[in-house]
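# Commentary on secondary and tertiary structure
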Amino acid sequence: MAANEKLNPVDVLSEIEAKFEMFQILNEKGEIVNEDMDPKLSDEELVELMTRMVWTRVLDERSTALNRQGRLGFYAPTAGQEASQIASHYALSKGDYVLPGYRDVPQLIWHGLPLTQAFLFSRGHYKGNQFPEGVNALSPQIIIGAQYVQTAGAALGIKKRGKDNVAITYTGDGGTSQGDFYEGINFAGAFNAPAIFVIQNNNYAISTPRELQSKAKTLAQKAVAAGIPGILVDGMDPLAVYKVTKDARDRAVAGEGPTLIEALCYRFGPHTMAGDDPTRYRTSDEDSDWEKKDPIVRFRTYLEGKKLWSKDKEDEIIEQAKADVKAAIKEADATDKQTVTELMDLMYDVKPSNLEEQYEYYKGKESK
Ligand SMILES: Cc1ncc(C[n+]2csc(CCOP(=O)(O)OP(=O)(O)O)c2C)c(N)n1
């Protein structure tokens, strides 16, 4: 630019926005379109990743049905988001810390949370929040965006302890409109903390379309203001999601700080099972356009082409997942009901005096 030429902020913005193109490796037809960036997972790893995605799709179908039968409580469907959720998690190590949103129960399960406990969480039972030792994770966050601030803190803790781990968190597109989102990425950037911030942009915050959430052309570009790398990825492409998360993890562990990942995806089902009807705000054309991008369909095509996958293999996983769900719900049913006094005992070391009376009241009722 000539010295006397005025800097034009409109041009600066356009230049920045144009740089955020969607990164893809495996296209809708199951073809590799970006050979140079292929993470080159081994055959075994590819099969394991597909197995986890198929298993998770069955879990979603079964959880939705269990909710309709009144056997589960809160449930946020996950079908369509398997690449964003499972492939990003697959790039992590066991010692990493997962701070999920309410839709991210699958990542918790693959991080080691027993399925029975996930079901108890859904039922609002406190045992669903008592994670086993070694499962480095928090319970799913219900307050939109709050997990972004917690993740900055968790990542700083990892750094101070000199551990070779990261803290990863997930939010939706709606979550990026919250103050906590900006505070989290800014703080992690300022402290060069080993954090990975994933936005699962499924195009809707309940019924509010993504376009109404922000004037920003991409959500990934919000990283620029925090001075951290941001990348827009095809969230229906398991190889691309794996690759960008793995790279982000490598950078974080090498002391190079946090990354913001925007994964473009779609939820095939309703927002939650609490009465949302997506036909009121999405068209069937939009649904079918996204169904063509299904991460499981394209990954299946790719693996079948490599002779790594078959219908028999998939049926085996489906049956296994159904059996796992059946066993876990049976165990959840057999768990003792929680009592009010138990909740109070867990909550307080020394109970406030105004609760003593209530405590004694419930203790009397429970012993009857
Ligand atoms: C601070 C806060 N405000 C409002 C809500 C109510 N609420 C629950 S889900 C949701 C939409 C979130 O959308 P998004 O972040 O895109 O995530 P998605 O559900 O699509 O995964 C809202 C507004 C909440 N839980 N927390």
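Residues numbered from 1 in each chain as written. Predicted model: local features only at pLDDT ≥ 70, side-chain atom pairs only at ≥ 80, totals over all residues. Heavy atoms only, no water.

Time to look at the UniProt feature "coiled-coil region" (unreviewed entry) in the chain. Cross-referencing UniProt, the feature "coiled-coil region" (unreviewed entry) maps to residues 311-338 in the present numbering. Between the end C-alpha atoms of residues 311-338 there is a gap of 43 Å, over a span that is 86% helix and 0% strand. (UniProt positions renumbered as here; feature names shortened; annotations may be inferred. Helix = DSSP H or I, 4+ residues; strand = E, 2+ residues; numbered from the N terminus.)

Looking now at the domain arrangement of the chain. If you check the domain split of the chain, you get domain 1 (17-29 + 41-335) and domain 2 (338-368). Each partner contributes to the interface: domain 1 provides 4 residues, whereas domain 2 provides 4 residues. At the boundary of domain 1 and domain 2, one finds 0 salt bridges. Between domain 1 and domain 2 we count 3 residue pairs in polar contact (both at pLDDT 80 or more) in total. (Domains from an automatic or database assignment. Contact = heavy atoms within 4.5 Å. Salt bridge = Lys/Arg side-chain N within 4 Å of Asp/Glu carboxyl O. Polar contact = N/O pair within 3.5 Å; in protein donor to acceptor, adjacent residues only side chain to side chain.)

Near the ligand there are 15 residues, and of these Y102, R103, I142, G174 and G175 occur at the shortest range. N202 is positioned with one of its side-chain polar atoms (N or O) 3.0 Å from an oxygen atom of the ligand. Grouping the amino acids of the shell around the ligand by side-chain chemistry returns 7 nonpolar, 6 polar and 2 charged. (Near = heavy atom within 4 Å. Nonpolar A, V, L, I, M, F, W, Y, C, P; charged D, E, K, R; others polar.)

This part covers unusual backbone geometry. Backbone geometry places N192, a non-glycine residue, at a positive phi of 50 degrees. A positive phi angle is found at K307, which is not glycine, with a value near 60 degrees. Residue placement: K307 occurs in the loop between α12 (295-305) and α13 (311-334).

With that settled, consider the packing of aromatic side chains. Applying the stated criterion to the full structure yields 12 aromatic pairs. Grouped by ring-pair contacts, the aromatic residues Y148, F181, Y182 and F197 constitute a single cluster. Seen from the ring of W290, K293 lies directly overhead, with NZ or CZ sitting 5.3 Å from the centre. Sitting over the ring of Y359, K351 keeps its end group 4.1 Å from the ring centre. (Phe/Tyr/Trp six-rings, centres within 6.5 Å; stacked < 30°, edge-to-face > 60°. Lys NZ or Arg CZ within 6 Å of the ring centre and 35° of its normal.)

Mapped onto the fold, E5 is located in the segment before α1 (9-19). E5 sits in the partly exposed class, given a relative accessible area of 49%. Separated by 309 residues in sequence, E5 and E314 place their C-alpha atoms 62 Å apart. (Buried < 20%, exposed > 50% of the residue type's maximum accessible area, 1.4 Å probe, protein only.)

What the rule picks out here adds up to 18 salt bridges. A salt bridge links R123 to D333, with the shortest nitrogen-to-oxygen separation between them at 2.7 Å. Here the residue R123 occupies a position in the loop between α5 (115-122) and α6 (146-160), and D333 occupies one in helix α13, the gap between them amounting to 210 residues. The exposure class assigned to R123 is partly exposed, which follows from its relative accessible area of 31%. Judged by relative accessible area, D333 falls into the partly exposed class, the value being 40%. Note that R300 and E314 form a salt bridge whose closest N and O atoms lie 2.7 Å from each other. You can see R300 sitting in helix α12 and its partner E314 sitting in helix α13, a full 14 residues away along the chain.

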